[in-house]
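Fold and geometry: a report
Given next are the chains, with one letter for each unit.
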Amino acid sequence: MLVFEGQDEVIAVAVLEADVDTPSMWDLHVVAIANEHQGRRTMTEVGELPLVEVVLDTAMKYAMDHGAKAIRTIVATGNTRSIRMLLLQGFKRTDRYDKDYDEYLASM
Ligand SMILES: CC(C)(COP(=O)(O)OP(=O)(O)OC[C@H]1O[C@@H](n2cnc3c(N)ncnc32)[C@H](O)[C@@H]1OP(=O)(O)O)[C@@H](O)C(=O)NCCC(=O)NCCS
């Protein structure tokens, strides 16, 4: 679990986990930005970027540094905000998970 903190508050969390049988495959369980920080941009070394992009870049780099070659996640078919986030991050829809969720994969 990666926790992103601002001044005395949690701004975002990302939860990832390596698959027990295939350590190069990681699951992205959750990405969440605190309500009042959703839609925000943040200053980085390369200029201003969406906070959510920085959070995901950081989380995915952490996974790669710990052996991930691919990251998968499931998302509700109606969750357009999350789907846009994943597509912008380079995830591709790979399969239907069940009647309400689709599976997405990002390969490194
Ligand atoms: C889903 C969630 C993490 C998205 O974060 P957010 O800060 O709300 O992001 P937004 O959708 O407002 O996007 C902000 C900007 O970043 C851009 N953006 C989003 N994801 C991006 C990415 N991966 N890379 C680059 N840009 C991205 C958007 O296009 C938007 O740009 P714009 O302002 O020019 O239109 C956030 O809404 C959230 O925490 N939701 C509740 C929890 C949840 O549903 N989590 C996902 C399932 S686990």
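This report concerns the structure included in the present document. The model shown is predicted, which means the values in this text are computed figures rather than measured ones.

Within the sequence span of helix α2 (residues 80–88), burial applies to S82, I83, M85 and L86. For α2, the arc enclosing every buried residue in end-on projection is 160°, short of the 170-degree limit, so these residues lie on one face. In α2, the exposed positions angled more than 90 degrees off the buried face are occupied by T80, R84 and L88. Packed against the buried residues of α2 are β3 (25–33), α1 (51–65), β6 (70–76) and β8 (101–107). Looking at the residues trailing α2, positive phi occurs at G90, about 95°.

With respect to topology, 6 strands assemble into an open sheet ordered β1-β2-β3-β6-β8-β7, the strand pairing being mixed. If you trace the sheet from one side to the other, it starts and ends with β1 (2–5) and β7 (92–96), each paired once. Each strand of the sheet is rotated relative to its neighbour by a mean of 30°, with strand direction disregarded. Bridge analysis of β3 against β6 gives 3 bridges, and the strand direction is parallel.

About the cut-offs
- What you see as residue numbers is a count from 1 along each chain, following the sequence as written.
- Since the coordinates come from a predicted model, pLDDT governs what is reported: local features require at least 70, and pairs of side-chain atoms require 80 or more to be given and counted, while whole-chain, interface and lining totals use all residues.
- Side-chain descriptors were evaluated using all non-hydrogen atoms of the structure, hydrogens and water having been removed beforehand.
- Relative accessibility thresholds used throughout: buried, under 20% of the residue-type maximum; exposed, over 50%; partly exposed, between the two (1.4 Å probe, protein chains only).
- Numbering goes from the N terminus for both helices and strands, where a helix is a DSSP run of H or I of at least four residues and a strand is a run of E of at least two.
- In this description, one arc is meant: the one made by directions from the helix axis to the C-beta atoms.
- Should any heavy atoms of two residues lie within 4.5 Å, those residues are considered in contact.
- Criterion used throughout: strands pair if DSSP finds at least two bridges between them.
- Lines fitted to C-alpha atoms define the axes, with helix axes restricted to the stretch in contact, and inter-axis angles between N-to-C directions lie between 0 and 180 degrees.

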